[in-house]
Amino acid sequence: MNEAQLEQKIQDYGLNAPRVTPGDLDAAIDSVDVVKHVTPSGSVLRWAVLNLKNGFFVTGKPSAAVSAANDNEEIGRQMAYANARNELWAFLGYRLKEQLHQATLSHTAE
């Protein structure tokens, strides 16, 4: 199930409590850099660096073409981006949880 299908299923079930959405990820990303590395044996790896609007950055596992003959830049970039995007979910989940926690504390103090 891809991200769009999962988002649709969540909406179909009416799950509308605070949560991180694909749009939140999109809104957090300022720019993307992709770094390519070729090993001495010819394997190709690519990492995506998601530069976030708050100045932080996130990377994921690299995409890897074991055989240089199978390397495709477009596919490698897409996979590296997807891997980094997967890592971003946890950071934004933490941020949201902290915001909810702080809101609970401020209501308790009132």
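Our structure's up above, just so we're on the same page.
The structure contained in this document is the topic of the report that follows. (Residues numbered from 1 in each chain as written. Predicted model: local features only at pLDDT ≥ 70, side-chain atom pairs only at ≥ 80, totals over all residues. Heavy atoms only, no water.)

With 37 residues, helix H3 (residues 73-109) extends 54 Å between its outermost C-alpha atoms, agreeing within 8% with the 54 Å of an ideal straight helix rising 1.5 Å per residue. Every buried residue of H3 is accounted for by Gly76, Ala80, Ala84, Arg85, Leu88, Leu92 and Leu96. Each element contacted by the buried residues of H3 is listed here: helix H1 (3-12), helix H2 (22-28), strand E1 (29-38), strand E2 (44-52), strand E3 (57-59) and strand E4 (63-65). Two or three places before Glu74, at the opening of H3, Asn72 has a side-chain oxygen 3.1 Å from that residue's backbone nitrogen. (Helix = DSSP H or I, 4+ residues; strand = E, 2+ residues; numbered from the N terminus. Expected span 1.5 Å × (residues − 1). Buried < 20%, exposed > 50% of the residue type's maximum accessible area, 1.4 Å probe, protein only. Contact = heavy atoms within 4.5 Å. Polar contact = N/O pair within 3.5 Å; in protein donor to acceptor, adjacent residues only side chain to side chain.)

Here we take up the pairing of E2. Side-chain positions along a regular strand alternate between the two faces of the sheet. The buried fraction of E2 amounts to 7 of the 9 residues, a majority that puts the element mostly inside the structure. Pairing between E1 and E2: 9 bridges, direction antiparallel. Bridged to Val32 within E2 is Leu50. Where E1 hands over to E2, the hairpin turn is made up of 5 residues, of which Gly42 adopts a positive phi near 100°. As defined by bridge partners, E2 adjoins E4 across 3 bridges and the pair is classed as antiparallel. Bridging across to E4, Val44 finds its partner in Ala65. Counting the residues in the hairpin turn of E2 and E3 gives 4 residues, including Gly55, whose phi is positive at 95°. (Pairing = 2+ DSSP bridges.)

Further remarks concern the side chain of Arg85. On the secondary structure map, Arg85 appears in helix H3. For Arg85, a relative accessible area of 8% translates into the label buried. Of note is the side chain of Arg85, whose polar atom sits 2.9 Å from the side chain of Glu3. Not counting chain neighbours up to four residues away, the residues in contact with Arg85 comprise Glu3, Pro22, Leu25, Asp26, Ile29 and Leu50.

Right, let's get into the pattern of salt bridges. A complete count under the given rule lists 5 salt bridges for this structure. Across the salt bridge formed by Glu3 and Arg85, the nearest N and O atoms sit 2.9 Å from each other. With Glu3 in helix H1 and Arg85 in helix H3, this pair connects stretches of sequence that are 82 residues apart. For the salt bridge of Arg19 with Glu7, the shortest nitrogen-to-oxygen distance reads 2.6 Å. Of this pair, Arg19 sits in the loop between H1 and H2 while Glu7 sits in helix H1, placing them 12 residues apart in sequence. (Salt bridge = Lys/Arg side-chain N within 4 Å of Asp/Glu carboxyl O.)

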